[in-house]
Amino acid sequence: MAIHLVDHPLIADALTVLRDRTTPSESFRRAATRISVLLAAEALRDLPTTPVTVETPLASAAGQRVSADIVVVPVLRAGLGMLDAVLSLVPAARVGHIGLQRDEVTAVASHYYSKLPAGLGSSVVLVIDPMLATGGSAVAAVDLLKQAGAARLRLVCIVAAPDGVRAVETRHPDVAIYTPVIDQSLNDRKFIVPGLGDFGDRLYGTR
């Protein structure tokens, strides 16, 4: 499995805003959008393209168009906070949804919803989930996608923990992870430390 630690000053800046406990929801959303755009661009760096020729107002010009079918799958609910940012890069992408609820006591993820596009076998599938903590949700999401035929999967997260990275590596060694940081550990509630708190609560103002 490839771990891609995405190093960019704009990502570092946005991550600092997200970590700050005093950041209000409005600013948190803006920072989440900024960092998601940059992470997705890196995760899609090797997309295949087809050469084309277009007419500018002055002359013909050689260009490239993306030739891959891209599917974006947010893990609900927090992954929705990254979706619009990714679609701003690839507006033609198809979108699936996977709903997973983590038990606050056991930290085990239970599946309550999924709606996936057909024909995933030849698609580049981007799973977006901001927090890779225990890895339970990520593994469950990839399990569902592979059962639906997906073969080319990438996981994009904003903060990862060593436990989550190990879980994905053990269960799905063929799935690349794109993240700017692997934090220290998990606490006894299975939250990432130092992390940034509950991403969904901070995004939607429900904390």
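Look above for the structure.
These lines cover the structure that appears in this document, whether it is placed above or below. (Residues numbered from 1 in each chain as written. Predicted model: local features only at pLDDT ≥ 70, side-chain atom pairs only at ≥ 80, totals over all residues. Heavy atoms only, no water.)

Together, I3, L5 and I182 give the surface a local cluster of nonpolar side chains, amounting to about 230 Å² of exposed area. Overall, the relative accessible area of 35% leaves I182 in the partly exposed class. (Patch = residues over 30% accessible without salt bridge, like charges linked within 9 Å, V, L, I, M, F, W, Y side chains within 5 Å. Areas by Shrake-Rupley, 256 points an atom, 1.4 Å probe, with all protein chains shown as cover. Salt bridge = Lys/Arg side-chain N within 4 Å of Asp/Glu carboxyl O. Buried < 20%, exposed > 50% of the residue type's maximum accessible area, 1.4 Å probe, protein only.)

Moving on, we get to the side chain of S137. With respect to the helices, strands and loops of the structure, S137 is situated in helix 4 (residues 136-147). Excluding residues that lie within four positions of it along the chain, S137 makes contacts with L100, A109 and D129. (Helix = DSSP H or I, 4+ residues; strand = E, 2+ residues; numbered from the N terminus. Contact = heavy atoms within 4.5 Å.)

Once that is clear, we can look at the environment of Y112. By the element assignment, Y112 lies in strand 7 (residues 109-115). Sequence separation between Y112 and L58 is 54 residues, and the spatial gap between their C-alpha atoms is 54 Å. Beyond its immediate chain neighbours, meaning those up to four positions away, Y112 contacts L76, G99, L100 and Q101.

Viewed as axis vectors pointing N to C, helix 1 (residues 9-19) and helix 2 (residues 25-43) meet at an angle of 150°, and their least axial separation amounts to 9 Å. As far as their axial angle goes, helix 2 and helix 1 are roughly antiparallel. For the element pair helix 1 and helix 2, the recorded crossing hand is left-handed. On helix 2, the residues that touch L10, I11, D13, A14, L15, V17 and L18 of helix 1 are S27, F28, A31, A32, R34, I35, L38 and L39. Its residues assigned to classes, the contact of helix 1 with helix 2 shows 12 nonpolar, one polar and two charged. (Axes fitted to C-alpha atoms, helices over the stretch in contact; angles between N-to-C directions. Parallel < 35°, antiparallel > 145°, perpendicular 65-115°, else oblique. Left-handed = near helix turned anticlockwise from the far one by under 90°. Nonpolar A, V, L, I, M, F, W, Y, C, P; charged D, E, K, R; others polar.)

Our focus in this paragraph is the nonpolar core. Among the nonpolar cores identified, the biggest contains 40 residues, and L18, I35, V156, I158, V159, L196 and F199 are the most heavily contacted of them. Considering every element that reaches this core, the biggest residue donor is helix 2, with seven residues. What F199 contacts, discounting residues up to four positions off in sequence, is F28, A32, A78, P130, M131 and I158. (Core = buried A, V, L, I, M, F, W, Y, C linked by side-chain atoms within 4.5 Å.)

Among all positions in helix 5 (residues 162-171), only G164, V165 and V168 are buried. The buried residues of helix 5 occupy an angular sector of 100° when the element is viewed end-on, so they sit on one face. Buried residues along helix 5 sit in contact with strand 1 (3-5), strand 9 (131-132), helix 4, strand 10 (152-156), strand 11 (159-160) and strand 12 (176-179). (Arc of directions from axis to C-beta.)

This paragraph deals with the pairing of strand 2 (residues 49-55). By the bridge criterion, seven bridges tie strand 2 to strand 3 (residues 60-66) in an arrangement that is antiparallel. Paired with T49 across the two strands is V66, which belongs to strand 3. In this structure, the hairpin formed by strand 2 and strand 3 is closed by a connection of four residues. (Pairing = 2+ DSSP bridges.)

Moving on, we come to the pattern of salt bridges. All told, the structure shown has 10 salt bridges when counted by the stated rule. Here R19 and D183 are joined by a salt bridge, their closest N and O atoms 2.8 Å apart. Taken together, the residues span a long stretch of sequence, with R19 in helix 1 and D183 in the loop between strand 12 and strand 13 (185-186) at a distance of 164 residues. Among the residues examined, R19 registers a relative accessible area of 25% and is labelled partly exposed. For R77, the salt bridge goes to D201, with nearest N and O atoms at 2.6 Å. Of this pair, R77 sits in the loop between strand 4 (70-76) and helix 3 (80-89) while D201 sits in helix 6 (residues 199-204); the two residues are 124 residues apart in sequence, bridging distant segments of the chain.

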